[in-house]
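Here is what each chain is made of, one letter per residue.
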Amino acid sequence: MEIGLDDRRIRYLSDKDKRLAKLIHTIGPIKVSEHNDDFAFIVCEIIGQMLSNKVADVMIDRLAEQCDGNITIESVKNVGTDGLKAIGLSSAKVSYIQNVLVAVETGELDFDDLRDKDDDVVVKKLKKIKGIGNWTAKMYLLFVLRRDNVLPYEDGAFIQGYKWLYNTTDLSEESVKKRCKKWEPYSSLAARYMYKAVDYGLTKYPFHLYKDLEGIR
């Protein structure tokens, strides 16, 4: 799905934040990918906790290979504890993935049930499972449930884009939340543009409000 510059959410954000507006119009429309496998997404996010994307991608590829290309509850169960450790996961992350498996199988975690719950309820339910914290829960809200108002200040890539856009060294939770308050109720879309700024390498160059941004193409 593509979000165009004429989208009401884009217009709203552009009116509220001139720096973000500059970034939005530099990058242009963005495509929003759909993640339809909740379990696989959570497993991959657990693998990626505290790792660079490059290292996480290697481990996820290894797991996918062991799962014959399809990371499901059954395939991960078949891989087992030893198989999960063999792809390079720590004992802690292996236990976290096993916790999710058990929670799904016992009904403690029902992904279908989460779809009509408020954001804070979703986060609370996910965090009951050891191994899922704020970061993982917010990534789930943002990329799987595609909720509109998620501010992922716990995420390194988001903070990299935020630091660059506002030319600030104050990255405290309080400061980020205060500055980004104007994005509500569309914080998720603003966050996606932070990610795009990082992906396109824009953060390698100084941000100039009245000059063309470099590095996109």
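Residues numbered from 1 in each chain as written. Predicted model: local features only at pLDDT ≥ 70, side-chain atom pairs only at ≥ 80, totals over all residues. Heavy atoms only, no water.

Peer 1: Even after reading the chapter, I still don't get the overall build of the protein, so can you show me in this structure?
Peer 2: Across its full length, the protein holds twelve helices and two strands. Going residue by residue from the N terminus, the α and β elements of the protein occur as β-α-α-β-α-α-α-α-α-α-α-α-α-α. For 217 residues, the compact-globule formula gives about 17 Å, and the C-alpha radius of gyration of the protein, at 19 Å, lands near that figure. Once the C-alpha set of the protein is aligned to its principal axes, its extents read approximately 55 × 35 × 35 Å. Expressed as a percentage of the 217 residues in the protein, the buried residues total 49%. Sequence-distant contacts, at least 24 apart, represent 64% of the contacts inside the protein between residues at least 6 apart. Accessible surface for the protein amounts to roughly 11,700 Å². Of this, 46% is attributable to carbon and sulfur atoms. Treating the 34 positive side-chain charges of the protein as one cloud and the 34 negative ones as another, the clouds have centres 7 Å apart. (Helix = DSSP H or I, 4+ residues; strand = E, 2+ residues; numbered from the N terminus. Rg over C-alpha atoms; globule rule 2.2 N^0.38 Å. Buried < 20%, exposed > 50% of the residue type's maximum accessible area, 1.4 Å probe, protein only. Contact = heavy atoms within 4.5 Å. Areas by Shrake-Rupley, 256 points an atom, 1.4 Å probe, with all protein chains shown as cover. Lys, Arg positive; Asp, Glu negative; His and termini not counted. Charge placed at Lys NZ, Arg CZ, Asp CG, Glu CD.)

Peer 1: For this particular structure, what's the right way to read helix 9 (residues 134-143)?
Peer 2: Since one α-helical turn is 3.6 residues long, residues separated by three or four positions face the same way. The buried fraction of helix 9 amounts to eight of the ten residues, a majority that puts the element mostly inside the structure. Looking at helix 9, one finds that the buried residues are T136, A137, K138, M139, Y140, L141, L142 and F143. For helix 9, the secondary structure elements touched by its buried residues are helix 3 (38-48), helix 7 (111-114), helix 8 (119-127) and helix 12 (187-199).

Peer 1: What is the right way to read the packing of aromatic side chains from this model?
Peer 2: The geometry of an aromatic ring pair is captured by two quantities: the separation of the ring centres and the angle between the planes. Applying the stated criterion to the full structure yields seven aromatic pairs. Measuring from centroid to centroid gives 6.2 Å for F158 and W183, while their planes differ by 90°, and the two rings are edge-to-face. With a gap of 25 residues between them, F158 in helix 10 (residues 156-166) and W183 in the loop between helix 11 (173-179) and helix 12 connect regions that are remote in the sequence. Given a relative accessible area of 0%, F158 falls into the buried group. (Phe/Tyr/Trp six-rings, centres within 6.5 Å; stacked < 30°, edge-to-face > 60°.)

Peer 1: How should the nonpolar core be read in this particular structure?
Peer 2: Nonpolar side chains tend toward joint burial in soluble globular proteins. Ranked by internal contacts, the top residues of the largest apolar core, which has 74 residues, are L20, L23, I71, Y140, F158 and W183. For this core, the element with the most residues is helix 3, which contributes eight residues. For F158, the residues in contact, after removing those within four places along its chain, are L151, P152, Y153, V176, C180, W183, A191, M194 and Y195. (Core = buried A, V, L, I, M, F, W, Y, C linked by side-chain atoms within 4.5 Å.)

Peer 1: Just to check I follow, could you spell out the packing of helix 3 against helix 9 for this structure?
Peer 2: The axes of two packed helices give the description: the angle between them and the distance between them. One way to put it is that helix 3 packs onto helix 9 with a least axis distance of 10 Å and a crossing angle of 140°. Looking at the two axes, helix 3 sits oblique to helix 9. Here the hand of the crossing between helix 3 and helix 9 comes out right-handed. Facing helix 3, whose interface residues are D38, F41, I42, E45 and G48, helix 9 presents W135, T136, M139, Y140 and F143. Grouping the constituent residues of the contact of helix 3 with helix 9 by class yields six nonpolar, two polar and two charged. (Axes fitted to C-alpha atoms, helices over the stretch in contact; angles between N-to-C directions. Parallel < 35°, antiparallel > 145°, perpendicular 65-115°, else oblique. Left-handed = near helix turned anticlockwise from the far one by under 90°. Nonpolar A, V, L, I, M, F, W, Y, C, P; charged D, E, K, R; others polar.)

Peer 1: I keep staring at the packing of helix 8 against helix 9 and nothing clicks. Help me out?
Peer 2: One way to put it is that helix 8 packs onto helix 9 with a least axis distance of 9 Å and a crossing angle of 130°. On the basis of the axis angle, helix 8 is oblique to helix 9. When you trace helix 8 past helix 9, the crossing you get is right-handed. Facing D119, V122, V123, L126 and K127 of helix 8, the residues of helix 9 in contact are N134, A137, Y140 and L141.

Interpretation note: all reported values are geometric properties and have no functional meaning in isolation.
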